[in-house]
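Single-letter residue listing:
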Amino acid sequence: MAAKTHRVLPGFGLALGYTLVYLSLLILLPLGGMILKASELGFGQIVDIALSERSLAAFRVTFGASLIAALINGFFGLIVAWILVRYPFPGKRFVDALVDLPFALPTAVAGITLATLYAGNGWLGRYIEPLGFKVAYTPWGIVVALTFITLPFVVRTLQPVIEDIETEVEEAAASLGASRWQTFVKVIFPAIFPALLTGFALAFARAVGEYGSVIFIAGNLPLISEITPLLIISKLEQYDVLGATALAVVMLGLSFILLLAVNVLQWWTANRHKNNEPLEVTAARAGGAA
Amino acid sequence: MKSTRATQEPRWVRYTLLSVGLGFLFFFLGLPLVAVFVEALAQGLPVYLEALKEPETRSAIGLTVGIALAVLPFNIVFGVAAAWAIAKFDFKGKSLLITLIDLPFAVSPVVAGLIFILLFGAQGTFGPWLAEHDLKIIFAVPGMIIATLFITFPFIARELIPLMQSQGKDEEEAAVSLGASGWQMFWRVTLPNIKWGLLYGVILSNARAMGEFGAVSVVSGHIRGETNTLPLHVEILYNEYNAIGAFAAASILALLALVTLVAKTIVEWRMKKETEMLNTVLAPEKT
Amino acid sequence: MSIEIRNISKRFGNFVALDNINLDIPTGELVALLGPSGCGKTTLLRIIAGMESADQGEILFSGAEATHLHARDRNVGFVFQHYALFRHMTVFENVAFGLRVKPRKERPSDAEIKRRVMELLGLVQLDWLADRYPSQLSGGQRQRIALARALAVEPKVLLLDEPFGALDTKVRKELRRWLRRLHDEMHISSVFVTHDQEEALEVADRVVVMNHGKIEQIGSPDEVYSAPASPFVYQFLGNVNVFHSRVQGGYAEVERHEVSEKTTAFVRPHDIDIALQPLEDGLQATVQHVHPIGPLVRIELQHNSEIVEVELSRERHEALQLVVGQAVWFRPRQMRVFGADQLPRSTPEKQAFLF
C-alpha cells in the first residue's frame, strides 16, 4: 500500500498548486514568451543591438547614474540610519515615517516635482545653475531622480542591523581602550557592512530599472541622457518590437545577476556568524524533533 | 557639564551627523513633498479645484481606483496561499519559489509591460487569437490590470512569509488536534494571527498599484478618458505644459502617499505592540 | 486507552530520528519519554499524536490500527512545549475551542460549553482568569490553560511535550505534583516528554529512556535508576564515577592487567565508602575538595590522576571530619560493570569486586 506521508496541517496541495499556477501564468509564461521572441533574433543580433552606439550610451547612462545614486545613498543612508537609531531629536517618528515616502509616492509625481525643483527657475535650480552646474535635463538629473527613488533601501536595511548591535560590545571595545572612531571602524562597521552592501545592491537594482521618475528630469537626449528603459519604449513606439525585446532580454539578464548577488549577500549576512552546532541537532531541529 | 558616555560620539560629531542626515532628507524628501502642494496651489485654491473637476482627471481617478480594487483580491489570495505553503511546510525547491516571488522587484517596470505586449499585443503570441475573438487586452484596461498584478503581487506574500514563519505551526497543530477542520483552523486561528501583516501588505501593494507608471504606461496606449490612470494623466498634463493640472493630479497621489505612510506607521506600531506583548516575560506565578 | 507502538522508524533526511521503536503503554499509566535533545522522544510523541507520520511501523490504539488516522480523529490531547495557546483568544475561548469546532450535531449548547469550560478552569484553579489573554498570564498559568484546553475534548490519551521545560524550578515542582494528581483523577493514559531525569523519576509510573532514536531501557523509576541497562542510562540518570576495569571470572578488577576483557565499571557517588584507615580492597586517595550541598557533602578525591566523586551524608561527614589534602581510603559498595559492547557484565546478585 502506498501510504503517502500525510501532513497534519491541511491545504498544502491547494496552496502550493495555486501558487505555482499563478506564478506560471503571470511570470514564467510571459518571461518565457519574451525569451522565445528574442530567440527569433539569434544571439549575434541581440549582441549587435545591445552594442549599437545608442544602446551602449543608454546602458552607460543607466548604470552610471544608478551607481552614483546608490553610492550617494550608501553614504547618506548610513548617516540617516545611524541618527534614526542612535540619536534622539524632536520629530524623529515623523522623519522615520517620511523615509518611506519614495516607496509610497508614485514615480511620475516624483519625476515632475524634481524636474520643477531643479529647473532653471525652480527652487533649487535657480541657485545651482548660476554656479555653472545644470541638473535638470542632464545626466545629473537622472542621478537626482534615482537618488530619490532608491533612498529608503540603504536606510531600511541598515536600521534593524544597527538596532541589533549590542551596546555591550561597544562598551567592551571602549573598556579595552579603543577610541570611539576605532570602535566604529573595527567593531561597528564590520558588523553593519554586509547590510550596507545589501542595501546598496537593492538600491542599484531598483535604479537600473527605474523609468517614471527619470523621464521628466532627464531631458532624454539620445547618446547623452537617454536611459535604457526609455530606449526600449521608444523602440516599441517605432514598432521595433524585436529591438525592444533584445534590449529587454539584456536588462533582464543583468537584473537576474543583481538579484542573485542580493540573495547571496543576504544569505551571507544571515549565516556568517552562525554557531557551528552539532550536525544532528541542526538536523533534528530541521525535522521538528526535540 | 560634560558627560560623554563610552558608547557615545563627541557632541560635535553628533551634531554634524544630525545636520548632514537631516539636511539630506530635507533636500531629497521634504522639499519635493512640499513642492507638490505648493505648485498645485500656485494660482490659488479655486484654480486647483477647477483642475480637479476636469472630466479627464476624474475618469483617471476612477480608473486608478478601479484597477487597484480589481488587483487586490488576486494579491490577497495569492499572498496567503503562497505564504501558507512556504511558511508552514517543507518541500523541495522552496528557495527557488521564493526567488521567483521576488522576481518582479528585479524586473524593470518597462520590461514588465513589454512582456505582456509580446504575449497579447497585435503581433504577440496570442494576438491573432485575441483579435479573432474580438478581445482586447493590450491598450485596454485588462492589460493594465495584468501589468499591475505583475508589479504588485509579491508585496503581500513578502510580508506574510516571515510573519507566518515566525509564528510557527504550533497553534494550527493545536487547533487540528482539538478537532478543527481546515477552514475552522484558517478562519479562527490563522487569519486572526496574520491580520495586521496582511493589512500591511495590502497597504504597500495598494500604494504601488495606484502609483505604478512604467508598466502601465507601456500597455495602456494612453487613450484619454479610457486608459489613463492618474499617474499617466499627470504625464500628459505635464507634457502639455499644464503645470497646475499636472500638479493638482499629482497632489492627489501625494496625499495618497501620505495616507499610505500614516496607515503603514499605525499598522507597524500595532504589530510592534503585539510582538512586544507576546514577548513580555511575566513575573513568575505566585504560589 | 492503551497505546501500542510497533517497529516505528522515522528519518529526517539522513538523520535517523527513530530506529525501530517498540513500546506498549497500558491504559491508565503515566509514562515519561526521557532522553537528551535530539534523541527522538518528541518525534515519537508527535507520531503518537498524528502530527508526524512514521516512515514505517504502526500505532495501535486499544488494539485498533491507528497509524493513518488523522490527528483530528485520534481523540488525543496534546500539550505543546510552548503551549501554543491561541494568542488572540481569551483563556475562556482557548479552552472552549475544541468544543466550538465540533460538527453542529455534536456541538454542545453555549450554556453547556460555558459550564464545561468553567469546570475545567476550576480544575486547573484558574477560573478567575477566564477573560484574560494568554499574553497576560505567567508561564505556569499558560501551561495549565494549555492542559485545560487539551482536556476539554475529553481525550483518551494525554500527550505532553516538555510540559515543564520553560518554567522556573519552583513552579515546575508544584506543577509536577499537580500533573500526577490530575492524571490519577482523570483515569487516562498520559505520555510526557522530558530531558530532566528528576522530573521523569518523580512523576512517571514508567520511564522510557531514549538515545539516538533507540530505546535504551524501559522500567519503573527505581529500576532505571538503580539498575541501568546501559552505560548511557547510567550516565544520563544522575552522577556516576567511571572506572576502567577488566573482568575476570565475573569480578571487575580495577587496575589489574593480567585479564581478558576491557570493561568499564560505574559507581554512583553515594555508593562509595570513605575510611580514614586502609580498607580491604580499597584504594588510597587524597581529598581535593569538600563541598557541603544541602543535605549532602560532596567530596572530590584524587586517585592517581583521576578524580573520584563521593557523596556522603552530613552525619557521615561529621564523623569523618575530612580536610583538604588528607589521605583516605575508599571502596565502592555497589557497582555495575559493562563490556565494550555496552552490555552488563555484572548482575545485581553478583556484585563482588576486587581492586
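The structure displayed is predicted, hence computed values, not measured ones.

**Student:** Can you walk me through the side chain of Glu210(A) in this structure?
**Tutor:** Residue and element names in this part refer to chain A. Within the element layout of this structure, Glu-210 appears in the loop between α11 (180–209) and α12 (212–218). A polar contact is formed between the side chain of Glu-210 and the side chain of Arg-206, at a distance of 3.1 Å. Among the polar contacts made by the side chain of Glu-210, one reaches the side chain of Ser-213 at a distance of 2.9 Å. Excluding residues that lie within four positions of it along the chain, Glu-210 makes contacts with Thr-107, Leu-146, Ile-149, Ile-227 and Pro-229.

**Student:** Any chance you could explain the interface of chain A and chain B here in plain terms?
**Tutor:** Size of an interface, as often reported, equals the accessible area lost when the parts are brought together. Contact with chain A, which involves 84 residues of that partner, is made by 87 residues of chain B. Here chain A and chain B share an interface that buries about 7600 Å² over both sides, 82% of which is from carbon and sulfur atoms. A per-residue breakdown of the area chain A buries against chain B is headed by Leu9(A), Tyr87(A) and Trp123(A), which together make up 9% of the total. Our enumeration of links across chain A and chain B arrives at two salt bridges. For Arg180(A), the salt bridge is made with Glu9(B), and the minimal N-O distance between the two is 2.7 Å. The interface formed by chain A and chain B holds seven residue pairs in polar contact (both at pLDDT 80 or more) in total. For the side of chain A that touches chain B, the leading source of residues is helix α1 (residues 12–39) of chain A, giving 16 residues. Broken down by class, the residue content of the side of chain A that touches chain B amounts to 63 nonpolar, 13 polar and eight charged.

**Student:** Looking at this structure, I do not really get the pairing of strand β6 (residues 76–79) of chain C. What am I missing?
**Tutor:** All names here are of chain C. Here β6 shows a buried face lined by Val-76 and Phe-78 and a second buried face lined by Gly-77 and Val-79. Across four bridges, β6 lies against strand β7 (residues 157–161) in parallel orientation. Bridging across to β7, Val-79 finds its partner in Leu-160.

**Student:** How do you make sense of the layout of surface pockets when you look at a structure like this?
**Tutor:** Which parts of space are left empty comes out when a probe the size of a water molecule is rolled across the atoms. Reported here for the second largest pocket is a volume of approximately 1200 Å³. Surrounding the second largest pocket, 49 residues form its lining, Tyr211(A), Ile233(A), Glu237(A), Ser217(B) and His222(B) being those nearest its centre. Every element with two or more residues in the lining of the second largest pocket is listed here: α6 (107–118), α12 and α13 (228–237) of chain A together with α5 (109–120), α6 (127–132), α11 (214–220), α12 (230–239) and α13 (243–279) of chain B. Counting residues per element, the lining of the second largest pocket draws most heavily on α13(A), which supplies five residues. Split by residue class, the lining of the second largest pocket holds 29 nonpolar, 14 polar and six charged.

Here is what the cut-offs are and how they apply
- Residues numbered from 1 in each chain as written.
- Chains lettered and ligands numbered in written order.
- Predicted model: local features only at pLDDT ≥ 70, side-chain atom pairs only at ≥ 80, totals over all residues.
- Heavy atoms only, no water.
- Helix = DSSP H or I, 4+ residues; strand = E, 2+ residues; numbered from the N terminus.
- Polar contact = N/O pair within 3.5 Å; in protein donor to acceptor, adjacent residues only side chain to side chain.
- Contact = heavy atoms within 4.5 Å.
- Buried area = accessible area lost by both parts, 1.4 Å probe.
- Salt bridge = Lys/Arg side-chain N within 4 Å of Asp/Glu carboxyl O.
- Nonpolar A, V, L, I, M, F, W, Y, C, P; charged D, E, K, R; others polar.
- Buried < 20%, exposed > 50% of the residue type's maximum accessible area, 1.4 Å probe, protein only.
- Pairing = 2+ DSSP bridges.
- 1 Å grid on protein atoms, 1.4 Å probe; cavity = no way out; pocket = protein on both sides within 12 Å on 5 of 7 lines; lining within 4 Å.
- Points joined across faces, edges and corners; volume = space filled by probe spheres on them.

No statement about biological role is implied by the geometric values presented.
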